[in-house]
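A closer look at the structure
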Amino acid sequence: MKLFATGLLLIATVVFLLSRWWEVNDGPAWIGYVRATAEAGMVGALADWFAVTALFRRPLGLPIPHTAIIPTKKDMIGDSLGDFVGENFLSEDVVRDKIARVEVSSRVGAWIGQEANADRITAELATAARGVVTVLRDEDVQEVIEQILVPKLMERPIGPPLGTVLQGVLADGSHRRLVDLVCDRAYDWVTANHDMVLRIVHERAPAWSPRFVDDLIADRVFLEVQNFAWAVKTDPEHPLRQAVDTFLVEFASDLQSDPDTIERAERIKHQIIGHPDVQKFIGQAWGTVKTMILDAAADPSSALRARVRSGLVALGTRLSTDPDLRGKVDGWLAQAAGYVVRHYRAEITTLITDTVERWDAQETSRKIELQVGRDLQFIRINGTVVGALAGLVIYTVGQLAFGS
């Protein structure tokens, strides 16, 4: 493009010289129009060459004021660019409006709701988990467990937090499933152990008691126990179930406020943690957890990866179908972005100014010229053409106004 623009200047120069020579040697009248056109084209080409060159370097190496603007004003340009980006792109209102219009949660939900994309995210998370677990040194993690986590667990009373958790479980009614399971197992055990009841009755019966009487008593005892177990199993409001609920509620309260219960919980905690098998487990805990994580992450069909994948799909589906959830997520994103922009905008724009400041002045000028130089050479070309046309118009008007 430089060669093309310079070529037009040379053509205008040659045309000017030839036309001027012809004009002073009794050439035809129209040659003046050609000479004026070429002369103005030269002026326009030279003026725009000077303007374009002055942006990046000293024209002809001369120390002309207000030239080589980009190399000499590089840092100022970087500061101005940073301020411009900060004021026009990183303002809180602009960022919030952009997030609202982009509808991030809807797009993310639609994307992760697809099975293939959920698989991809799960695979990336598995890779990241393997990387983190592999990088961590076993002895360092084990040291953290043994010297920090375990002592902290031993220092803090376990009763109050355990009571709080139990109280929450009881409030939700989640414990009823466990009670149902125990009642089912108890009834099944009673039903399957008729012979045991019979043997116990025979062993405890007096020696003088006839055996058929013992059998009748054993059958009766078994039937009563079985009926009781069935009643407990099938009646959600059975007094025994209510008694269990009452006991658990009182126990949860005692764990939080009764000194004796708290002390007993502490003794049990120390006994459990101090047990050799538990100490052995703590010593091997990280190795066991590490192996589980690596195996689950490496196996695409593992239960852990399947749960993560299904959770992602469920989350994506809910984001796509639940406007309330989308509104909450978009609100959180807008608040987070607003906070970042509000508190760290200066640091973000500093990235621009510091980067530009580190650039070499001449190298920066060269890079910018390579990026926009083609359009700048068009300015030179247009200057030559427009200057020539302007010269032709001016000469024509002059001839019409003052020519003989």
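Residues numbered from 1 in each chain as written. Predicted model: local features only at pLDDT ≥ 70, side-chain atom pairs only at ≥ 80, totals over all residues. Heavy atoms only, no water.

1. Brief notes about the overall build of the protein chain
Looking only at helices and strands, one finds 18 helices and zero strands in the protein chain. Compactness check: the protein chain gives a C-alpha radius of gyration of 45 Å against a globular reference of 22 Å for 404 residues, more than 25% above the reference. C-alpha atoms of the protein chain, sized along the principal axes, occupy 160 × 45 × 40 Å. Looking at the protein chain residue by residue over its 404 residues, the buried ones come to 28%. Counting only contacts in the protein chain whose residues sit at least 6 apart along the sequence, the fraction spanning at least 24 positions is 71%. When the accessible area of the protein chain is evaluated, it comes to approximately 26900 Å², of which 64% is carbon and sulfur surface. When the 43 positive and 53 negative side-chain charges of the protein chain are each reduced to one mean point, those points stand 6 Å apart. (Helix = DSSP H or I, 4+ residues; strand = E, 2+ residues; numbered from the N terminus. Rg over C-alpha atoms; globule rule 2.2 N^0.38 Å. Buried < 20%, exposed > 50% of the residue type's maximum accessible area, 1.4 Å probe, protein only. Contact = heavy atoms within 4.5 Å. Areas by Shrake-Rupley, 256 points an atom, 1.4 Å probe, with all protein chains shown as cover. Lys, Arg positive; Asp, Glu negative; His and termini not counted. Charge placed at Lys NZ, Arg CZ, Asp CG, Glu CD.)

2. Quick look at the packing of helix α6 (residues 104-112) against helix α16 (residues 303-321)
Orientation of α6 relative to α16, taken along the N-to-C sense of each, is 140 degrees, at an axis distance of 7 Å. Viewed along their axes, α6 and α16 adopt a mutual orientation that is oblique. Of the two possible hands of crossing, α6 and α16 adopt the one that is left-handed. In this structure, α6 contributes Ser 105, Ser 106, Gly 109, Ala 110 and Ile 112 to the contact, and α16 contributes Leu 312, Val 313, Leu 315, Gly 316, Thr 317, Leu 319 and Ser 320. Split into classes, the residues belonging to the contact of α6 with α16 amount to six nonpolar, six polar and no charged. (Axes fitted to C-alpha atoms, helices over the stretch in contact; angles between N-to-C directions. Parallel < 35°, antiparallel > 145°, perpendicular 65-115°, else oblique. Left-handed = near helix turned anticlockwise from the far one by under 90°. Nonpolar A, V, L, I, M, F, W, Y, C, P; charged D, E, K, R; others polar.)

3. Observations regarding the packing of aromatic side chains
In total, this model carries four aromatic pairs according to the counting rule given. Judged by centre distance (5.0 Å) and plane angle (85 degrees), the ring pair of Tyr 33 and Tyr 395 falls under edge-to-face. With Tyr 33 in helix α2 (residues 31-56) and Tyr 395 in helix α18 (residues 361-402), this residue pair connects regions lying 362 residues apart in the sequence. Ring plane angle 65 degrees and centroid distance 6.4 Å describe the contact between Tyr 339 and Tyr 344, whose orientation is recorded as edge-to-face. (Phe/Tyr/Trp six-rings, centres within 6.5 Å; stacked < 30°, edge-to-face > 60°.)

4. Regarding the packing of α2 against α18
Viewed as axis vectors pointing N to C, α2 and α18 meet at an angle of 155 degrees, and their least axial separation amounts to 6 Å. On the basis of their axis angle, the class for α2 and α18 is roughly antiparallel. You can see that α2 and α18 cross each other, and the crossing is right-handed. Among the residues forming the contact of α2 with α18, the class breakdown is 15 nonpolar, twelve polar and four charged.

5. A few points about the pattern of salt bridges
Considering all chains together, one arrives at seven salt bridges under this definition. The closest approach of N and O atoms between Arg 35 and Glu 23, which form a salt bridge, is 2.9 Å. Linking Arg 35 in helix α2 with Glu 23 in helix α1 (residues 2-24), this pair joins segments that are twelve residues apart in sequence. Given a relative accessible area of 13%, Arg 35 falls into the buried group. Residue Arg 318 is joined to Asp 322 by a salt bridge in which the shortest nitrogen-to-oxygen separation is 3.5 Å. What emerges from the salt-bridge pattern is a single network uniting Arg 20, Glu 23, Arg 35 and Glu 39. (Salt bridge = Lys/Arg side-chain N within 4 Å of Asp/Glu carboxyl O.)

6. Quick word on the confidence of the model for the protein chain
For the protein chain, per-residue confidence averages 80 on the pLDDT scale, and residues scoring 70 or more make up 91% of the total. Averaged pLDDT values for the elements of the protein chain fall to 69 in helix α8 (residues 138-155) and rise to 90 in α1. (pLDDT = per-residue confidence, 0-100.)

7. Brief notes about α6
Each α-helix winds once per 3.6 residues, and so residues spaced three or four apart point in a common direction. Of all the residues in α6, the buried ones are Ser 105, Gly 109 and Ile 112. Taken around the axis of α6, the buried residues stretch over an arc of 80 degrees, which confines them to a single face. Buried residues in α6 make contact with α7 (115-135), α16 and α17 (323-358). (Arc of directions from axis to C-beta.)

8. Remarks on the environment of Thr 321
Tracing the chain through its elements places Thr 321 in helix α16. Judged by relative accessible area, which is 58%, Thr 321 ranks as exposed. A sequence separation of 215 residues divides Thr 321 from Ser 106, and the C-alpha atoms of the two residues are 8.7 Å apart. In this structure the side chain of Thr 321 is engaged in a polar contact, spanning 2.8 Å, whose partner is the backbone oxygen of Thr 317. (Polar contact = N/O pair within 3.5 Å; in protein donor to acceptor, adjacent residues only side chain to side chain.)

9. Structural notes on a negative patch on the surface
A cluster of acidic residues, Asp 79, Asp 83, Glu 87, Asp 354 and Glu 357, forms a negative patch on the protein surface. For the negative patch, the element with the most residues is helix α4 (residues 74-88), which contributes three residues. For Asp 83, the location among the structural elements is in helix α4. (Patch = residues over 30% accessible without salt bridge, like charges linked within 9 Å, V, L, I, M, F, W, Y side chains within 5 Å.)

10. Some details on the environment of Asp 299
Looking at where Asp 299 falls in the secondary structure, it is placed in the loop between α15 (276-298) and α16. Residue classification places Asp 299 among the partly exposed residues on the basis of a relative accessible area of 32%. Along the sequence, Asp 299 and Ala 123 sit 176 residues apart, while their C-alpha atoms lie 9.9 Å from each other. Separated by 2.8 Å, the side chains of Asp 299 and Ser 301 make a polar contact.

11. Considerations on a nonpolar patch on the surface
A cluster of nonpolar side chains, namely Tyr 339, Val 340, Tyr 344 and Ile 348, defines an oily patch on the protein surface of about 340 Å² accessible area. Following the sequence through the fold, Tyr 344 ends up in helix α17.

12. Details of unusual backbone geometry
The backbone phi angle of Asp 26 is positive, close to 60 degrees, even though this residue is not glycine. Along the polypeptide, Asp 26 turns up in the loop between α1 and α2. Residue classification places Asp 26 among the exposed positions, given a relative accessible area of 75%.

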